[in-house]
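Each chain, letter by letter, is given below.
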Amino acid sequence: MKQTFEQEIEESGKLIYTNVGDSMMPLLRQHRDLMIISKKPEGRLKRYDVPLYKRDSGQYVLHRILRVRKDDYVICGDNRYALEYGITDRHIIGVLTGVVRDGKEISVTDWKFRLYSHIWCDFFPIRAVLLRTKWKLAALKRKLRKK
């Protein structure tokens with residue numbers, strides 16, 4: 001019988017899972033990198049943390065916290081520009097503690113990981129404009145091909 005992510009984290013203390021989806025690129029490569037998710041720590045999470053959470057729809061998502069507010073978090077994938085609001089502590093199942101890329105484990109406390117996190121979040125407005133432009137150009141290109 002297959003366990004839920006919540007059950008796996010509760011029983012073993014962590015979840016090691018292959019990344020599915022492109023919302024956290026370039027940090028996580030789809031079907032190639034492994035995510036190491038540990039139980040969420042006591043108390044509130046912090047900016048730059050990458051929680052695994054379950055939306056009210058039942059969908060599991062791994063995105064980065066850009067802002068901590070009084071009652072919720074503002075969250076966004078590294079390869080997205082739309083901010084998500086209303087994610088509360090009750091939604092959060094665990095927190096990313098490491099990534100396995102090409103057989104090598106990288107901890108979220110590693111200085112390179114922390115530098116990447118700061119650059120990716122601190123320059124969010126610039127990144128959002130670039131991503132939006134990239135996606136609009138790709139959509140235009142697809143539209144032109146169909147004609």
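Each remark here, short or long, concerns the structure printed above.
By convention here, each chain's residues receive numbers from 1 onward along its written sequence. In view of the model being predicted, local features appear only for residues whose pLDDT reaches at least 70, and side-chain atom pairs are presented and counted only at 80 or more, with totals across whole chains, interfaces and linings using the full set of residues. Hydrogens are left out, water is left out, and the side-chain values use all remaining heavy atoms of the structure.

Enquirer: Please set out the overall build of the protein residue by residue, giving values where relevant.
Expert: Along its length, the protein carries 3 helices and 9 strands. In this text, helices come from DSSP runs of H or I with a minimum length of four residues, and strands from runs of E with a minimum of two, each type numbered from the N-terminal end. In the protein, the succession of helices and strands from N to C terminus is α-β-β-β-β-β-β-β-β-β-α-α. Taken against the 2.2 N^0.38 rule, which gives 15 Å for 147 residues, the C-alpha radius of gyration of the protein at 16 Å falls within 12% of a compact globule. Considered along the principal axes of its C-alpha atoms, the protein spans approximately 55 × 35 × 35 Å. For the protein, the residues scored as buried account for 36% of the 147 residues in total. Radius of gyration here uses only the C-alpha atoms, and the compact-globule reference equals 2.2 Å multiplied by the residue count raised to the power 0.38. The buried label applies to any residue whose accessible area, calculated with a 1.4 Å probe on protein chains only, is under 20% of its type's maximum; exposed applies above 50%, and partly exposed to all values in between.

Enquirer: Run through the state of the cysteines, naming residues and quoting values.
Expert: In this description, the term disulfide denotes a pair of cysteine sulfurs within 2.5 Å. Taken as a whole and assessed by the stated rule, the structure comprises 0 disulfides. Note on Cys76: no disulfide assigned, nearest cysteine sulfur contributed by Cys121 at a separation of 8.9 Å.

Enquirer: Any details on a nonpolar patch on the surface? Residues and values, ideally.
Expert: A contiguous nonpolar patch, built from Trp111, Leu115, Ile119, Phe123, Ile126 and Leu130 and spanning about 670 Å² of accessible area, is present on the exposed surface. At the level of elements, helix H2 (111-122) and helix H3 (124-146) are the ones that each hand at least two residues to the nonpolar patch. Per-element accounting of the nonpolar patch gives the leading share, 3 residues, to H2. Positionally, Ile126 belongs in helix H3. Residues qualify for a patch when their relative accessible area is over 30% and they have no salt bridge, like charges being joined within 9 Å and the nonpolar side chains of Val, Leu, Ile, Met, Phe, Trp and Tyr within 5 Å. Only the protein chains shown count as covering a residue, and every accessible area follows the Shrake-Rupley method with a 1.4 Å probe. Any Lys or Arg side-chain nitrogen located within 4 Å of an Asp or Glu carboxyl oxygen qualifies as a salt bridge.

Enquirer: Any chance you could break down a positive patch on the surface for me, citing the residues and the numbers?
Expert: Neither His nor the chain termini are counted; the positive set is Lys and Arg, and the negative set is Asp and Glu. Throughout, a charge is located at the NZ atom of Lys, the CZ atom of Arg, the CG atom of Asp or the CD atom of Glu. Together, Lys141, Arg142, Arg145 and Lys146 make up a region of like positive charge exposed at the surface. Tracing the backbone shows Arg145 in helix H3. Among the residues examined, Arg145 registers a relative accessible area of 59% and is labelled exposed.

Enquirer: Any details on the nonpolar core? Residues and values, ideally.
Expert: Membership of the largest hydrophobic core comes to 16 residues, with the highest contact counts inside it found for Leu27, Leu28, Ile37, Leu52, Leu62 and Leu96. Elements with a contribution of two residues or more to this core: helix H1 (5-12), strand S2 (34-39), strand S8 (92-101) and H2. In terms of residues, this core owes the most to one element, S8, which gives 3 residues. Pairs of residues are marked as contacts when any of their non-hydrogen atoms sit within 4.5 Å. Here Ile37 is in contact with Ile9, Gly13, Lys14, Leu15, Leu52, Leu62, Gly94, Val95 and Leu96, once residues within four sequence places are set aside. Among buried residues, the Ala, Val, Leu, Ile, Met, Phe, Trp, Tyr and Cys ones that are joined through side-chain atoms within 4.5 Å form a nonpolar core. The next biggest cluster of nonpolar side chains, apart from the first, holds 9 residues, and it includes Val61, Ile65, Tyr73 and Val95.

Enquirer: Before we move on, can you summarise the environment of Ser23 with the specific residues and values?
Expert: Relative to the helices and strands, Ser23 resides in the loop between strand S1 (14-18) and S2. Judged by relative accessible area, Ser23 falls into the buried class, the value being 17%. C-alpha of Ser23 to C-alpha of Tyr81: the two residues are 58 residues apart in sequence and 9.8 Å apart in space.

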